[in-house]
Amino acid sequence: MSSAAPRTTGQDHLWSVDEHLEDILATVRPLEPIELQLLDAQGCVLVEDVTVPVSLPPFDNSSMDGYAVRVADVAGASEEFPAVLEVVGDVAAGQADLLHVGPGQAARIMTGAPLPPGAETVVPVEWTDGGLGEGPVSGMRARALAPEGAAGQVRVYRPAEARAHVRAKGSDVRAGDRALEAGTVLGPPQIALLAAIGRGTVRVRPRPRVVVLSTGSELVQPGEELGSGQIYDSNSFALTAAARDAGALAYRVGAVADDAETLRSTIEDQLIRADLLVTTGGVSVGAYDVVKEALSHVGDEDEPGSGVEFRKLAMQPGKPQGFGSIGPDHTPLLALPGNPVSSYVSFELFVRPAIRTLMGLTDVHRPRRRATLRADRALTSPKGRRQFLRGAYADSAVTPVGGSGSHLVAALAQADALIVVPEDVESVEPGAEVEVVLLG
């Protein structure tokens, strides 16, 4: 986090969405790289290219259970006139000492086992009698049950071309190739590749630790009894889940009552495990909006360069916003409004890009598309405000879901996109082309 404080202006200034986001991203810095064990690096971003030290596969090996043979020995083989070969032994996966396959010979070979010297191709066991002399078989008997299968004769009923059913050395990647580029997010396939080329650790930017706090004396935890005038706390659950979806290690703190000292103390306690703090609620102009009360002057004297600024944005929902940094490490803090839809939309627009920036990603935004509006009537939007409406996106078209109220959680649960109505547009007719932000 940069120690530079956010720019300030008059109290009545209405900030644009782009200005606010620009200030946030100019303040947040990617986390310092660390070396992690592979499984601990899942979800993290590589900070350097990874070069392949050994080819994959590192040797020619069989892709089938069958017999390693010479091409000439099975040429013209058929069920009526099978090729009869001497079985000289087994070649199992992981076997170091390889036997030699000479003319008229075959080695029983297992999937993944090295192609033995002298062999040129592999015939699947289903093309043979498995050494039983009773016509084509469907598989091999376990060596423990029939050790004699590694000797004797085998009848081959079909010919095989050179290197059939053989995985060539380096056919996956070759030594010296670039396996993964810097900036790659490590998921299960990338971790599999790193393990396959022998990497036990990798240098990455760690997943940001995000602490989410909701505020409000009216909030009750799900599963508890609701009292008069109380509601369940959904924001902290929604934003913690959203932070995890963005790639963070997210920690949810139970709702904090409307008391400035309690909130300030709670936030200070959380700094030890936070790369980013997110609060929801208490940022408007009410007498009980304690986030503003608690944080408006934090760091003004004791921590130069720190502080949280509260703004009004030209957007709907989500007009009241706050951001800045607190604590000795200038930990970034984003203060979001308390209405559920306002809170979630604000997260998508501001917090998610901040998390992705901390991760070291270059593309930090949700994808955007142009879509045809499907609606029964025109959408209206307040002049001078950029409106974000919930929508369902499919086949290059978007349908509004629910109304514009910032409390409509049920409608939000049905949406997978945000319909963007620009500041200078007050009405959007059905069939018009609109911009959408894809949430899924």
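Keep in mind it's a predicted model, so treat the numbers as computed, not measured.

Parameters at a glance
Residues numbered from 1 in each chain as written. Predicted model: local features only at pLDDT ≥ 70, side-chain atom pairs only at ≥ 80, totals over all residues. Heavy atoms only, no water. Helix = DSSP H or I, 4+ residues; strand = E, 2+ residues; numbered from the N terminus. Rg over C-alpha atoms; globule rule 2.2 N^0.38 Å. Buried < 20%, exposed > 50% of the residue type's maximum accessible area, 1.4 Å probe, protein only. Areas by Shrake-Rupley, 256 points an atom, 1.4 Å probe, with all protein chains shown as cover. Salt bridge = Lys/Arg side-chain N within 4 Å of Asp/Glu carboxyl O. Pairing = 2+ DSSP bridges. Axes fitted to C-alpha atoms, helices over the stretch in contact; angles between N-to-C directions. Parallel < 35°, antiparallel > 145°, perpendicular 65-115°, else oblique. Left-handed = near helix turned anticlockwise from the far one by under 90°. Contact = heavy atoms within 4.5 Å. Nonpolar A, V, L, I, M, F, W, Y, C, P; charged D, E, K, R; others polar. Arc of directions from axis to C-beta. pLDDT = per-residue confidence, 0-100. Phe/Tyr/Trp six-rings, centres within 6.5 Å; stacked < 30°, edge-to-face > 60°. Lys NZ or Arg CZ within 6 Å of the ring centre and 35° of its normal.

Moving on: the overall build of the chain. From N to C terminus, the chain includes eight helices and 29 strands. In terms of overall size, the chain is more extended than a compact globule, its C-alpha atoms giving a radius of gyration of 32 Å where 440 residues would be expected to give roughly 22 Å. C-alpha atoms of the chain, sized along the principal axes, occupy 95 × 55 × 45 Å. When the 440 residues of the chain are sorted by exposure, 47% land in the buried category. For the chain, the accessible surface area stands at approximately 20,600 Å², while carbon and sulfur atoms represent 49% of it.

To continue, consider the pattern of salt bridges. Taken as a whole, this structure holds 16 salt bridges when the rule is applied. The shortest N-O distance in the salt bridge between aspartate 90 and arginine 108 comes to 2.8 Å. Of this pair, aspartate 90 sits in strand β7 (residues 83-91) while arginine 108 sits in strand β8 (residues 105-109), and the two are 18 residues apart along the sequence. Using a relative accessible area of 14% as the deciding quantity, one classes aspartate 90 as buried. In this structure, a network of salt bridges that share partners links the residues Asp18, Arg386 and Glu423.

A negative phi holds for most residues other than glycine; trans holds for most peptide bonds. In this chain, leucine 56 is followed by proline 57 through a cis amide linkage whose omega measures -15°. Within the fold, proline 57 resides in the loop between β4 (50-51) and β5 (61-62). The omega torsion of the bond from glutamine 316 to proline 317 falls at -5°, within 30 degrees of zero and hence cis. Within the secondary structure layout, proline 317 lies in the loop between β20 (315-316) and β21 (320-326). Here serine 396, not a glycine, exhibits a phi torsion of approximately 60°, which is positive. With respect to the helices and strands, the residue serine 396 is situated in the loop between β25 (386-394) and β26 (397-400). Its relative accessible area of 44% is what places serine 396 among the partly exposed residues.

One open sheet accounts for five strands, arranged β9-β6-β8-β7-β10; its pairing is mixed. The open sheet is flanked by β9 (121-124) and β10 (153-156), the only strands paired with a single partner. Shown here is a sheet whose adjacent strand axes are inclined to one another by a mean of 40°, direction ignored. The sheet contact formed by strand β6 (residues 66-69) and β8 spans three bridges and is antiparallel. Bridging across to β8, alanine 68 finds its partner in alanine 107.

Look at helix α1 (residues 17-27) against helix α7 (residues 340-359): their axes get within 10 Å of each other, and the N-to-C directions meet at 25°. Classed by the angle they form, the pair α1 and α7 counts as roughly parallel. Of the two possible hands of crossing, α1 and α7 adopt the one that is right-handed. Contacts between α1 and α7 involve Val17, His20, Leu21, Ile24 and Leu25 from the former and Leu349, Phe350, Pro353, Ala354 and Thr357 from the latter. Along the lines of polarity and charge, the residues of the contact of α1 with α7 split into eight nonpolar, two polar and no charged.

Moving on, we come to helix α5 (residues 260-270). Every buried residue belonging to α5 is among Ala260, Leu263, Thr266, Ile267 and Gln270, and all of these are buried. Taken down its axis, α5 places every buried residue within 130° of arc, on the same side. Exposed and oriented more than 90 degrees from the buried face of α5 are Glu261, Glu268 and Asp269.

So, on to the confidence of the model for the chain. This prediction gives the chain a mean pLDDT of 90; 91% of its residues lie at or above 70. Contacts for the low-pLDDT stretch residues 1-5, under 50 throughout, to residues beyond four places or in other chains number 16 contacts.

Our next topic: the packing of aromatic side chains. The description of an aromatic ring pair uses the distance of the two centres, along with the angle that the planes make with each other. Applying the stated rule across the entire model yields zero aromatic pairs. The aromatic ring of tryptophan 127 is capped on one face by arginine 158, whose charged end is 4.0 Å from the ring centroid. Over the ring of tryptophan 15 we find arginine 311; its NZ or CZ atom is 3.7 Å from the centre of that ring.

A few words on the side chain of asparagine 235. Structurally, the position occupied by asparagine 235 is in helix α4 (residues 235-246). For asparagine 235, a relative accessible area of 9% corresponds to the buried category.

Let's shift gears to the packing of α4 against α7. Packing of α4 against α7 leaves a shortest axis separation of 9 Å and a crossing angle of 30°. One element, α4, and the other, α7, form an angle in the roughly parallel class. Note on packing geometry: the crossing formed by α4 with α7 is right-handed. Counting all contacts with α4, which are made through Asn235, Leu239, Ala242, Ala243, Asp245 and Ala246, the residues of α7 involved are Pro340, Ser343, Tyr344, Phe347, Arg352, Ile355, Arg356 and Met359. Within the contact of α4 with α7, the residues separate by chemical class into nine nonpolar, two polar and three charged.

What follows concerns the pairing of β26. Two elements, strand β23 (residues 368-373) and β26, share two bridges in a ladder whose sense is parallel. Bridge pairing in β26 links leucine 373 to valine 398. In the sheet, β25 pairs with β26 via four bridges, with the strands oriented antiparallel. Paired with alanine 392 across the strands is threonine 399, a residue of β26. Where β25 folds back on β26, the antiparallel hairpin that results is connected by two residues, among which aspartate 395 adopts a positive phi of roughly 55°.

Turning our eyes to something else, we now look at the sheet that holds strand β13 (residues 201-205). Read across the sheet, three strands follow the order β2-β13-β3 without closing on themselves; strand pairing throughout is antiparallel. In the strand order of this sheet, the two ends are held by β2 (34-37) and β3 (45-46), each with one partner. When β3 meets β13, the two strands line up antiparallel, connected through two bridges. Across the sheet, leucine 46 pairs through a bridge with valine 204, a residue of β13.

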